[in-house]
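Working through the structure, step by step
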Amino acid sequence: MKKWYRHMGLKFKVVLAMTFIILIYSVIFSFVSIRNAQNEINKQLEASHMEITNQFNNYIDNLQSYLLDMSSTPYLNRTLLNILADRPVNTGTTTDAYLHDFLFTTIMSKNNFSFAGVINQTNLNSGYYITTDTSFGLQKYEKLVKSDSFLDFIKNDYDYACYPMPAGDTSILENNVQDKILYIRTIKDTQESFNLLGYLLLGINTSTFDAQCKSVIDTSVSGITMTDSKGRQLYQYGMKEPAFSESAGQNTEIAYEKSQDIRYLKCITKENSLGWTITYYTDLSHQSAPSLSATITYIILIAVAAITVFILIASLITSAVTSPMKKLLHSIQHFQTGDFDQQVEIKYNDEIGQLTEGYNQMVNRIRELIQQNYEIKIQEQKAQLAALQTQINPHFLYNTLDLLYWKAIAYDQDEIAELVYSLSRLFRISLNKGNSFITYEKEAEFLSCYLTLQKSLMSERLTYTLTVPDSIKGTYLPRFLLQPLIENAIVHGLDDNMDNPRLTVTITDHTETVSISIRDNGRGMDQASINKLLNADTASVTKDGESSDKGYAIPNILHRLQIYYGTRMSFQIESQVNSGTCILLELPVTKTLQEETDHV
């Protein structure tokens, strides 16, 4: 993998990196979008479920209000109270007919009830009922009061209460064929003693609830239950209610709950006349899955489209960046084969343009250095040839000079002996085995011999000092660098008629660099003459390195220094007319000949 990535092109690396970034962004975007979509779906589910719950609750509340109103009519019917109190009445008909008419026209006028009955507390054997379904057979009073419903009702001394009355339950009716909610209400004598006269029994028809739920509830994934204040389940429609935890007791509540690893949304309300709890619940794994799946598909399509477009844009952008880099690489490959005339066109002044400009400058500099190195080699070969020419019979020359030296000593001619010795050393050092560089120690000895001869030529009028620190005597500088400058100072700077011509040569060690000062007290020169020397064309220098005109040793030396050191050296001339001249050089320290060869 690493090897494959290392050999991949820059364009593909950039596109891959940018694709990875946009992929991470797309994953985060998709995750957040899906979460937001899930939350939005949940909000819509909560709103729709709460609306259904409230609609059912409103229906139940209206029914309860009607139930309470209808169950209160016995208290207003004096004839019914007299019948139940076993007091004489004039109904114009039989008691059963009157009770049938009362129950049918007053209570059963709406289809909310499928059963109604009246039980006489005074005459226990007296009871009357009617049904609208096929249920029949009101139980005797002795059996009625032993039913769970009546036992609870009497025990708690309720005025009214509701109880579940499922199909097949025979505690109230001998044959109950349909689910009902049993409503029991006491009938008391409001005319006299307010004694208990009997009970009103009503069977609420739960099939009317089914009609309300059928159009809005999917029974495969949802269900609704209704319980009374005691927690007794009065009604259930659709999916069986899971084992939920107890609610917080609020009148209205929306909650998410897990049961057997299935997540449910449940809506609870208790805002009705009798305080019944209505719970509407839905299996979210089925309810929200289609909507969420469509949303996820939509988000994934957007993410894929965004990634595709981004890759195309990234490819175009990287092509604009890498195209000039490819041109630069192509030029470098040609340069590696030896084509040193390579130049790359620069279109924009951006980072790549600056890099290309630097490459062009580098190629030009390398071409110049190659040319300079070629010139150096030519000069070295000429110097070696000149050294060979001067070594035709060096022993004869040295032996002759030694003979003259000892002859002068023998005849007590010390001055002549010193001149002969200086000339002999001058010849020996100048050959330097054909090397282009010489140590500062040998250069100082060479200059000392040369100044000794010059002093004799000037009738001993010349005064000079030569200072070389021991710390740099073993380091190197170009051969014949300082002698032409000293010769220039003597020949062109010091007047033959001067009373006290003086020359000072000072070499100073600065650790990384060496400074050289050649100062005379001669006639000096103006700034125009200085500029002419510094800017002179080296073409006026002869092929053997000598000046073709006076003063042109300086351009020759400058040319040599630029070849050897480039910008690592400095050369200055300070002078005023009739105030002498000072030549200042600063060269890098060269500790070995190999070190200088590496720089050239």
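Bear in mind that the values here come from a model prediction, so they are computed numbers and not experimental data. Numbers given to residues run from 1 along each chain, matching the order in which its sequence is written. Under the rules for a predicted model, residues below a pLDDT of 70 receive no local features and side-chain atom pairs below 80 are neither given nor counted, while totals for whole chains, interfaces and linings still include all residues. Excluded from the side-chain calculation are hydrogens and water; included are all heavy atoms of the structure.

1. Things to note about helix H13 (residues 440-457)
The end-to-end C-alpha separation of H13 is 25 Å, in line with the 26 Å expected for 18 residues at 1.5 Å each. Each residue gets one of three labels from its accessible area relative to the maximum for its type: buried under 20%, exposed over 50%, partly exposed in between, using a 1.4 Å probe on protein chains only. Helix and strand labels come from DSSP, where a helix needs a run of H or I of at least four residues and a strand needs a run of E of at least two; each type is numbered from the N terminus. Within H13, the full set of buried residues consists of Tyr440, Glu443, Ala444, Phe446, Leu447, Cys449, Tyr450, Leu451, Thr452, Leu453 and Gln454. Looking one or two residues beyond H13, the residue adopting positive phi is Ser459, at roughly 55°. Each residue after the first adds 1.5 Å to the expected span of a helix.

2. Overview of a nonpolar patch on the surface
To count toward a patch, a residue needs a relative accessible area over 30% and no salt bridge; like charges are then connected within 9 Å, while nonpolar side chains (Val, Leu, Ile, Met, Phe, Trp, Tyr) are connected within 5 Å. Only the protein chains shown count as cover for residues, and all accessible areas are computed by the Shrake-Rupley method using a 1.4 Å probe. We define a salt bridge as a contact between a side-chain nitrogen of Lys or Arg and a carboxyl oxygen of Asp or Glu at a distance within 4 Å. Side chains of Phe20, Ile21, Ile24, Ile28, Phe31 and Val32 sit close together on the surface and give an oily, nonpolar patch of about 600 Å² of accessible area. Topologically, Phe31 is positioned in helix H2 (residues 10-71).

3. Topic: the nonpolar core
Working definition of a nonpolar core: buried Ala, Val, Leu, Ile, Met, Phe, Trp, Tyr and Cys residues. They are joined through side-chain atoms within 4.5 Å. Counting residues in hydrophobic clusters, the biggest one holds 50 residues, and the most contacted among them are Tyr440, Ile486, Ile490, Ile516, Ile518, Leu561 and Phe571. Per element, the largest residue contribution to this core is eight residues, and it comes from H13. In this description, contact between two residues means that some pair of their heavy atoms is separated by no more than 4.5 Å. If we skip the residues at most four places from it in the chain, Leu561 touches Leu481, Gly566, Met569, Phe571, Leu585 and Leu587. By size, the runner-up hydrophobic cluster in this structure holds 43 residues, among which are Leu68, Cys162, Met226 and Ile278.

4. Some words on unusual backbone geometry
Positive phi outside glycine occurs at Phe480, with the angle close to 60°. One non-glycine residue with positive phi stands out, namely Thr511, at about 70°. Thr511 gets classed as exposed once you look at its relative accessible area, which sits at 60%.

5. Structural notes on the sheet that holds strand E7 (residues 196-205)
By the convention used here, strands pair only if DSSP detects at least 2 bridges between them. On the basis of which strands lie adjacent, the open sheet formed by five strands has the order E2-E1-E7-E6-E4 and antiparallel pairing. In this open sheet, the two edge strands, each paired with only one partner strand, are strand E2 (127-131) and strand E4 (160-165). The sheet shows a mean angle of 15° between the axes of neighbouring strands, taken without regard to direction. Strand direction decides the pairing type here: strand E6 (residues 180-188) and E7, joined by nine bridges, are antiparallel. Bridged to Leu182 within E7 is Gly203. Interaxial angle, 0 to 180 degrees, is taken between N-to-C directions of lines fitted to C-alpha atoms, where a helix line uses only the stretch in contact. Against the sheet, helix H6 (residues 148-155) engages strand E1 (113-120), E4, E6 and E7, with an angle of about 40° to E6.

6. Remarks on the side chain of Thr282
Within the secondary structure layout, Thr282 lies in strand E12 (residues 277-283). At a separation of 2.4 Å, a polar atom in the side chain of Thr282 contacts the side chain of His49. Any pair of nitrogen or oxygen atoms within 3.5 Å is treated as a polar contact; in protein, a donor-acceptor pairing is required on top of that, and neighbouring residues in sequence qualify only through side-chain atoms on both sides.

7. Some words on the confidence of the model for the protein chain
Averaged over the protein chain, the pLDDT score is 82; the fraction of residues at 70 or greater is 88%. Contacts for the low-pLDDT stretch residues 539-550, under 50 throughout, to residues beyond four places or in other chains number twelve contacts. Predictor confidence is given residue by residue as pLDDT, running from a minimum of 0 to a maximum of 100.

8. Details of the packing of H13 against helix H14 (residues 483-493)
Their axes nearest at 11 Å, the elements H13 and H14 cross at an angle of 25°. With respect to H14, the axis of H13 lies roughly parallel. In this structure, the crossing between H13 and H14 has a hand that is right-handed. Where H13 approaches H14, its residues Glu443, Phe446, Leu447, Tyr450, Leu451 and Gln454 are matched on the opposing element by Gln483, Ile486, Glu487 and Ile490. The scheme is simple: roughly parallel for angles under 35 degrees, roughly antiparallel for over 145, roughly perpendicular for 65 to 115, oblique for anything else. Crossing chirality is assigned from the near helix's rotation relative to the far helix, an anticlockwise turn below a right angle marking it left-handed and a clockwise turn marking it right-handed.

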